[in-house]
Amino acid sequence: MKKQKVLLLALAALTTFPASMPLISQSAMAVEQAEQTLQVEKLALGATLNSQQAQQTIQLLGANQVTPENTIYVDGVMIDRYLNIGSDASTDVYSSVYIKPQAPGTGIKVQIVTPENITAVSATTYQNAAITAGAQNALLKIGSFLPVTGEGALTGLYALLESQGVEVKQHDMQTAQKEISVVNNVRTETGLTDAQVNVIIAEIKKEVAAQVQNNGQVNSTEIVNTVVNNVINNTNIEGDGNVVDNSVATDVEISNQTKQELEQYANDFAQTDAAANEDTVQQLDASIEDKKWDNILAQLEPKMTIDEIKAVETPDFSDTEKYHEILPALYNRFKQAVDQGIRVDDIYAHTFIIEAIQPELTVETKAELDNFRELLYQYTASFEGDLKAAAENEGFEFQPIKDLWMAKLQEAENLESSDASLAEIIQLIANATGFAPQVYTYTDIEQDDKVISLSVAEDSSTKITTVARFEYDLETGVISEVDPVSMEAVPLNQDTYDFNAVYGVNVENNYIANKIPVDYRIPGYTPVESTEEETTLEEIVEEPVDSVETQTPAEEPTEELLEEEAPSEESVDETVPTEETESVDPV
């Protein structure tokens, strides 16, 4: 059978793109076109999707409100026009992107709504590459219902820009595409984290942009050597073009060949309109969130007394365009807890639920949530002396608060990587109950056919206390709480924690849920199978169903079938990263 060409495209997109001009004279035009922003929500769908799949994808991305005139369909002919990879009308395109404009200064925010299906490109890499292509101030929601590496992620950007009558510059497109392979190469060679590599790319771009805008001359060798050393050794870089190497040697090494690749990338970026745009540095700072909460927590030390904590005043959150109204409510409840001398695990957990169900929080609100968590940490750590004494009296090894909190964050992250379906079930329960997995322990996980049950426990330095047990039905999606006395499962009457009842503020649930397979099994679970002696008339009647299940609709190919018919995406030439599943000639 003739193999199909299958292009699994995680589409990314954004605002206006500057026209081509010589390097030295780009700045004025770049500044003028930077003022053009995307004013309406846009949607790009894979042209291969049938009507049912397209509607499911729209719901998955939360894009029901996007009008038909603001929706485009990306096919193989369109892709070849931008990427020149040999795709044509027979190329299948499945993945899609929803683009929502954001306030000036927000930067590029990326949400991969199906992380289990985007296997090679991170959200941070999408951010970096989109900015290289000239994108500004937008939220991108990317989804694919089939596994995809994600290396063709900018095609949707180019298509949507063209739909607005914007000329797409070939060099900037190629530089953005090349950036994805550069990130993967550096990460593979060095063992650095994705976040570290993307900080290297972002800082290189900031330094290049500063030098281009100052005098038009770029010293790529100096920039690359200095940025690489400083990022590896956690040294701050000012992004002003005046690079100073004040790093300390480590065991991480980057080969000369990879440094040359980074230098070539720096030179390529210097020729883009983004390098000449004075807003680029700000967009990079706003977009690349290298200071995540776990990184902040790792640097904290207990230093505040209870009196000092009580003296902290609630910040001014009156600007409601920047700050969510839940922020002052969080502070008020925290101050009540401090006055009563009680634990604040629940408040700490609620900060993560807020982030989960409000994925479009402003940069300012996210930063203030981290500041608030710092205060929660200082308060909780102030009890370490008493907790250590209690642990020693009961014969337990004492663990500092920071170690406990860091371990919980790591557990939650590890589960997302190792078992996305179980992580999704836990997150849905957390959204409904307030028991965030970054704070509480989910344990005693069991499965009975389509029902998964688990307990939620509260950790301390001396014990683990079970606080509730829940059930999740894979077929219906219903969450139930198990009554500890009758052991009866009672369905919850809401899918969102009631912030209004606790804080007096409504927090809308805009959580982007990932699909959980109805046949999902927890690790180690084996369904009980009937023996021949136990065969019933009902089972005999059900046997012919097998013949029906083999008739998979042609327009909805299974993941297993696609793997048999199309070679791996990894076979694509790395110099022009694409998601073409057949080998193509280099371009």
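The coordinates are above.
To start, this report covers the structure provided alongside it. (Residues numbered from 1 in each chain as written. Predicted model: local features only at pLDDT ≥ 70, side-chain atom pairs only at ≥ 80, totals over all residues. Heavy atoms only, no water.)

Across its full length, the protein chain holds 23 helices and twelve strands. Going through the 587 residues of the protein chain one by one, you find that 50% of them count as buried. In the protein chain, once contacts between residues fewer than 6 apart in sequence are set aside, the share between residues at least 24 apart is 74%. (Helix = DSSP H or I, 4+ residues; strand = E, 2+ residues; numbered from the N terminus. Buried < 20%, exposed > 50% of the residue type's maximum accessible area, 1.4 Å probe, protein only. Contact = heavy atoms within 4.5 Å.)

Moving on, we get to the sheet that holds strand β2 (residues 42–46). A sheet is described by the order of its strands in space; here five strands give the open sequence β3-β2-β5-β7-β6, paired in mixed fashion. The strands lining the two open edges of the sheet, one partner per strand, are β3 (71–74) and β6 (108–112). Strand-to-strand twist in this sheet, taken as the mean axis angle between neighbours without regard to direction, amounts to 15 degrees. Direction of pairing for β6 relative to strand β7 (residues 138–143): parallel, over a ladder of five bridges. Following the sheet pairing, Ile 112 is matched in β7 by Ile 142. Strand contacts of helix α2 (residues 51–61): β2, β5 (96–101) and β7, with the helix running at about 140 degrees to β2, the strand carrying the most contacts. (Pairing = 2+ DSSP bridges. Axes fitted to C-alpha atoms, helices over the stretch in contact; angles between N-to-C directions.)

Attention shifts here to unusual backbone geometry. With glycine set apart, most residues show a phi of negative sign, and most peptide bonds adopt trans. Unusually for a residue other than glycine, Asp 444 sits at a positive phi of about 50 degrees. Here Asp 444 lies in strand β8 (residues 441–448). On the basis of relative accessibility, which here comes to 46%, the residue Asp 444 falls in the partly exposed class. Positive phi values are uncommon outside glycine, yet Asp 449 reaches one of about 60 degrees. Its place among the elements puts Asp 449 in the loop between β8 and β9 (451–459).

Glancing now at the packing of aromatic side chains. In the structure shown here, the tally under the stated rule is 14 aromatic pairs. Where Tyr 348 meets Phe 352, the ring centres are 5.1 Å apart and the plane angle is 75 degrees; that geometry is what we call edge-to-face. With a gap of four residues between them, Tyr 348 and Phe 352 both fall in helix α15 (residues 345–357), about one helical turn apart. Here Tyr 348 falls in the buried class, since its relative accessible area comes to 2%. Here the aromatic rings of Phe 435 and Phe 470 are separated by 6.3 Å at their centres, their planes lie at 50 degrees, and the arrangement is tilted. Of this pair, Phe 435 sits in the loop between α19 (420–433) and β8 while Phe 470 is found in strand β10 (residues 464–473), placing the two residues 35 residues apart along the sequence. Accessibility classification places Phe 435 together with Phe 470 in one group, the buried group. Through a chain of ring-to-ring contacts, the aromatic side chains of Phe 317, Tyr 323, Tyr 331, Phe 334, Phe 372, Tyr 379 and Phe 383 assemble into a single cluster. Note that Arg 333 overlies the ring of Tyr 503, its terminal NZ or CZ placed 5.4 Å from the centroid. (Phe/Tyr/Trp six-rings, centres within 6.5 Å; stacked < 30°, edge-to-face > 60°. Lys NZ or Arg CZ within 6 Å of the ring centre and 35° of its normal.)

Right, let's talk about the side chain of Asn 70 for a bit. Tracing the chain through its elements places Asn 70 in the loop between α2 and β3. Contact partners of Asn 70, with chain neighbours within four places excluded, come to Val 40, Glu 41, Lys 42 and Leu 43.

The subject of this paragraph is the packing of helix α14 (residues 326–340) against α15. Running from amino to carboxyl end, α14 crosses α15 at an angle of 170 degrees, the nearest separation of the two axes being 11 Å. Relative to α15, the element α14 is oriented roughly antiparallel. Judged by the twist between their axes, the crossing of α14 over α15 is right-handed. Counting all contacts with α14, which are made through Ile 326, Leu 330, Arg 333, Phe 334 and Ala 337, the residues of α15 involved are Asp 346, Ile 347, His 350 and Ile 354. The residue makeup of the contact of α14 with α15, split by class, is six nonpolar, one polar and two charged. (Parallel < 35°, antiparallel > 145°, perpendicular 65-115°, else oblique. Left-handed = near helix turned anticlockwise from the far one by under 90°. Nonpolar A, V, L, I, M, F, W, Y, C, P; charged D, E, K, R; others polar.)

Take the packing of helix α6 (residues 170–190) against helix α9 (residues 256–270) next. For any two helices packed against each other, the geometry is given by the interaxial angle and the distance between the axes. The N-to-C vectors of α6 and α9 enclose an angle of 160 degrees; their axes lie 10 Å apart at closest approach. Comparing their axes, α9 and α6 come out roughly antiparallel. Where α6 crosses over α9, the handedness of that crossing is left-handed. Here His 171, Thr 175, Lys 178, Glu 179, Val 182, Asn 185, Val 186 and Glu 189 of α6 come into contact with α9, specifically with Thr 258, Glu 261, Leu 262, Gln 264, Tyr 265, Asp 268 and Phe 269. Per-class residue counts for the contact of α6 with α9 are five nonpolar, five polar and five charged.

Moving on to the sheet that holds β10. In sheet architecture, strand pairing relies on hydrogen bonds along the backbone and comes in two forms, parallel and antiparallel. Read across the sheet, five strands follow the order β8-β9-β10-β11-β12 without closing on themselves; strand pairing throughout is antiparallel. The outermost strands of the open sheet, each flanked by one partner alone, are β8 and β12 (489–491). Strand-to-strand twist in this sheet, taken as the mean axis angle between neighbours without regard to direction, amounts to 30 degrees. The sheet strands contacting α19 are β8, β9, β10 and β11 (479–482), and the helix crosses β8 at an angle near 115 degrees.

Of all hydrophobic cores here, the largest spans 63 residues; its most connected members are Trp 293, Ile 326, Leu 330, Phe 334, Ile 347, Trp 405 and Phe 499. Residue contributions to this core peak at eight residues, all from α14. In contact with Ile 326, not counting residues within four places along its chain, are Ile 354, Phe 499, Tyr 503, Val 505 and Val 507. Counting residues in each nonpolar core, the second largest holds 32 residues, with Val 74, Val 93, Ala 135 and Ala 202 among its members. (Core = buried A, V, L, I, M, F, W, Y, C linked by side-chain atoms within 4.5 Å.)

Take the environment of Ile 142 next. When you line up the elements, Ile 142 lands in strand β7. For Ile 142, a relative accessible area of 0% gives the class buried. C-alpha of Ile 142 to C-alpha of Ile 99: the two residues are 43 residues apart in sequence and 8.9 Å apart in space.

For the rest of this paragraph, the subject is the pattern of salt bridges. Taken as a whole, this structure holds 13 salt bridges when the rule is applied. Across the salt bridge formed by Lys 205 and Glu 179, the nearest N and O atoms sit 3.4 Å from each other. In this pair, Lys 205 is assigned in helix α7 (residues 194–215) and Glu 179 in helix α6, connecting sequence segments 26 residues apart. With a relative accessible area of 0%, Lys 205 lands in the buried category. On the basis of relative accessibility, which here comes to 0%, the residue Glu 179 falls in the buried class. Notably, a salt bridge pairs Glu 411 with Lys 408, separated by 2.8 Å at the nearest N-O pair. Taken together, the residues span about one helical turn, with Glu 411 and Lys 408 both in helix α18 (residues 401–418) at a distance of three residues. Residues joined by salt bridges that share partners form a network here, namely Lys 100, Lys 141 and Glu 360. (Salt bridge = Lys/Arg side-chain N within 4 Å of Asp/Glu carboxyl O.)

Turning our attention to α14. The end-to-end C-alpha distance of α14, which contains 15 residues, comes to 21 Å, matching closely the 21 Å that a straight helix rising 1.5 Å per residue would cover. Within α14, burial applies to Ile 326, Leu 327, Ala 329, Leu 330, Tyr 331, Phe 334, Ala 337 and Val 338. In this structure, the buried residues of α14 make contact with α13 (306–310), α15, α16 (363–381) and α20 (499–503). Positive backbone phi, at 70 degrees, marks Gly 341, one or two positions downstream of α14. (Expected span 1.5 Å × (residues − 1).)

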